[in-house]
Amino acid sequence: AQSVAQPEDQVNVAEGNPLTVKCTYSVSGNPYLFWYVQYPNRGLQFLLKYITGDNLVKGSYGFEAEFNKSQTSFHLKKPSALVSDSALYFCAVRDIGDRKLIWGLGTSLAVNP
Amino acid sequence: KAGVTQTPRYLIKTRGQQVTLSCSPISGHRSVSWYQQTPGQGLQFLFEYFSETQRNKGNFPGRFSGRQFSNSRSEMNVSTLELGDSALYLCASSSTGGSDGYTFGSGTRLTVV
């Protein structure tokens, strides 16, 4: 069965420090992988996706993610965190043969000034 | 171009009542998906419509239903509301059925009392 795990409910980093939000997945075939961000009382905003190609994917707002097939991971990263990055981050996976997105439970990122 | 529009933004209903939520996708997008978001369960897939046909359905009871019109606008209906139906309901549209990612609306916050 397809699944997504975000092992950390909350991540705290200081402004200016690098940040990592972790995601691991399980699918039967080749995955489509996504990261979304949600600000309070808002819908989700698309950050980046991996379909195929280069394992390092660059997205919006300076975020990037690295696809690691052997570790079945797709961690979200940013070299220098901003206070405005504080939000809820969701990882999602879709099997290439399916259309349903399976979502992680989200990681709350708090960037402290 | 206009984003995904969900109406209403907030709703308060009484147990046993029914409710209809509306979603207008981005112009040209033919795929509309619905999700229920709660703090405990995260994002749960309800259903997906493409060109007026439901082509995917999540594990929700039959009280949850939806439809899509010829202009791609979609509605979801919940009958015989229960307290546990209180949630943020998110609509997402896509031009490709999801492989390029989804654009989400801001959601409808439903409170059942």
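Everything numeric in this text was worked out from a predicted model, so none of it was measured.

## Some remarks on the sheet that holds strand 7 (residues 64–68) of chain B
All names here are of chain B.
Argument step 1. Spatially, four strands are ordered 1-3-8-7 in an open sheet, and the strand pairing comes out antiparallel. The open sheet has two edge strands with one neighbour each: strand 1 (5–7) and strand 7. Between one strand and the next, the sheet's axes are offset by a mean angle of 15°, whatever the strand orientation.

## Thoughts on empty space enclosed by the protein
Argument step 1. Within the structure shown, the criterion is met by one cavity of 30 Å³ or more.
Argument step 2. Approximately 30 Å³ is the volume found for the largest cavity.
Argument step 3. Around the largest cavity, the lining residues are Asn41 of chain A together with Arg9, Tyr10, Leu88, Gly107 and Arg109 of chain B.
Argument step 4. Class assignment for the residues of the lining of the largest cavity results in two nonpolar, two polar and two charged.

## Quick word on the state of the cysteines
Argument step 1. Under the criterion given, the structure shown has two disulfides over all chains.
Argument step 2. Disulfide partner of Cys23 of chain A: Cys91 of chain A, at an S-S distance of 2.0 Å. Because the sign of the S-S torsion sets the handedness, a value of about -60° for the bond joining Cys23 of chain A and Cys91 of chain A places this disulfide among the left-handed ones. Of this pair, Cys23 of chain A sits in the loop between strand 3 (19–21) and strand 4 (24–26) while Cys91 of chain A sits in strand 10 (residues 87–95), and the two are 68 residues apart along the sequence.
Argument step 3. Residue Cys91 of chain A is classed as buried on the basis of its relative accessible area of 0%.
Argument step 4. Between Cys23 of chain B and Cys91 of chain B runs a disulfide, and the two sulfur atoms are separated by 1.7 Å. The sign of the S-S torsion, about -50°, decides the handedness of the disulfide formed by Cys23 of chain B and Cys91 of chain B: left-handed. Pair noted here: Cys23 of chain B is in strand 3 (residues 19–24) and Cys91 of chain B is in strand 9 (residues 87–94), with a separation of 68 residues, a long-range link.
Argument step 5. Judged by relative accessible area, which is 0%, Cys23 of chain B ranks as buried.
Argument step 6. When its relative accessible area of 0% is taken as the criterion, Cys91 of chain B is described as buried.

## Points about the pattern of salt bridges
All names here are of chain B.
Argument step 1. Taken as a whole and assessed by the stated rule, the structure comprises eight salt bridges over all chains.
Argument step 2. Between Glu48 and Arg55 there is a salt bridge, with the nearest N and O atoms lying 3.0 Å from each other.
Argument step 3. Given the relative accessible area of 0%, Glu48 is considered buried.
Argument step 4. For Arg55, a relative accessible area of 25% corresponds to the partly exposed category.
Argument step 5. Across the salt bridge formed by Arg63 and Asp85, the nearest N and O atoms sit 2.8 Å from each other. Of this pair, Arg63 sits in the loop between strand 6 (53–57) and strand 7 while Asp85 sits in the loop between strand 8 (74–78) and strand 9, placing them 22 residues apart in sequence.
Argument step 6. Given a relative accessible area of 16%, Arg63 falls into the buried group.

## Considerations on the packing of aromatic side chains
Argument step 1. This structure, assessed with the given rule, holds 15 aromatic pairs over all chains.
Argument step 2. Where Tyr25 of chain A meets Phe67 of chain A, the ring centres are 6.2 Å apart and the plane angle is 25°; that geometry is what we call stacked. Of the two residues, Tyr25 of chain A sits in strand 4 while Phe67 of chain A sits in strand 8 (residues 64–68), which places them 42 residues apart along the sequence. In this pair, the class of Tyr25 of chain A matches that of Phe67 of chain A, namely buried.
Argument step 3. Each ring, one from Tyr50 of chain A and one from Phe74 of chain A, has its centre 6.5 Å from the other, and the planes form 55°; the classification is tilted. Placement of Tyr50 of chain A in strand 6 (residues 44–50) and of Phe74 of chain A in strand 9 (residues 73–78) is noted, with a sequence separation of 24 residues between them. By the burial criterion, Tyr50 of chain A is buried, and Phe74 of chain A matches it.
Argument step 4. Clustering of aromatic rings is evident, with ring pairs tying together Phe34, Tyr36, Phe46, Phe90 and Trp103 of chain A together with Tyr35, Phe45 and Phe104 of chain B.

## Considerations on the environment of Pro7 of chain A
Residues and elements named next belong to chain A.
Argument step 1. Checked against the element boundaries, Pro7 lands in the loop between strand 1 (3–5) and strand 2 (10–14).
Argument step 2. With relative accessibility at 56%, the residue Pro7 sits in the exposed group.
Argument step 3. Each C-alpha atom of the pair Pro7 and Gly106 lies 9.0 Å from the other, and the pair is 99 residues apart in sequence.

Definitions and limits used
- Residues numbered from 1 in each chain as written.
- Chains lettered and ligands numbered in written order.
- Predicted model: local features only at pLDDT ≥ 70, side-chain atom pairs only at ≥ 80, totals over all residues.
- Heavy atoms only, no water.
- Pairing = 2+ DSSP bridges.
- Helix = DSSP H or I, 4+ residues; strand = E, 2+ residues; numbered from the N terminus.
- Axes fitted to C-alpha atoms, helices over the stretch in contact; angles between N-to-C directions.
- 1 Å grid on protein atoms, 1.4 Å probe; cavity = no way out; pocket = protein on both sides within 12 Å on 5 of 7 lines; lining within 4 Å.
- Points joined across faces, edges and corners; volume = space filled by probe spheres on them.
- Nonpolar A, V, L, I, M, F, W, Y, C, P; charged D, E, K, R; others polar.
- Disulfide = S-S within 2.5 Å.
- Buried < 20%, exposed > 50% of the residue type's maximum accessible area, 1.4 Å probe, protein only.
- Salt bridge = Lys/Arg side-chain N within 4 Å of Asp/Glu carboxyl O.
- Phe/Tyr/Trp six-rings, centres within 6.5 Å; stacked < 30°, edge-to-face > 60°.

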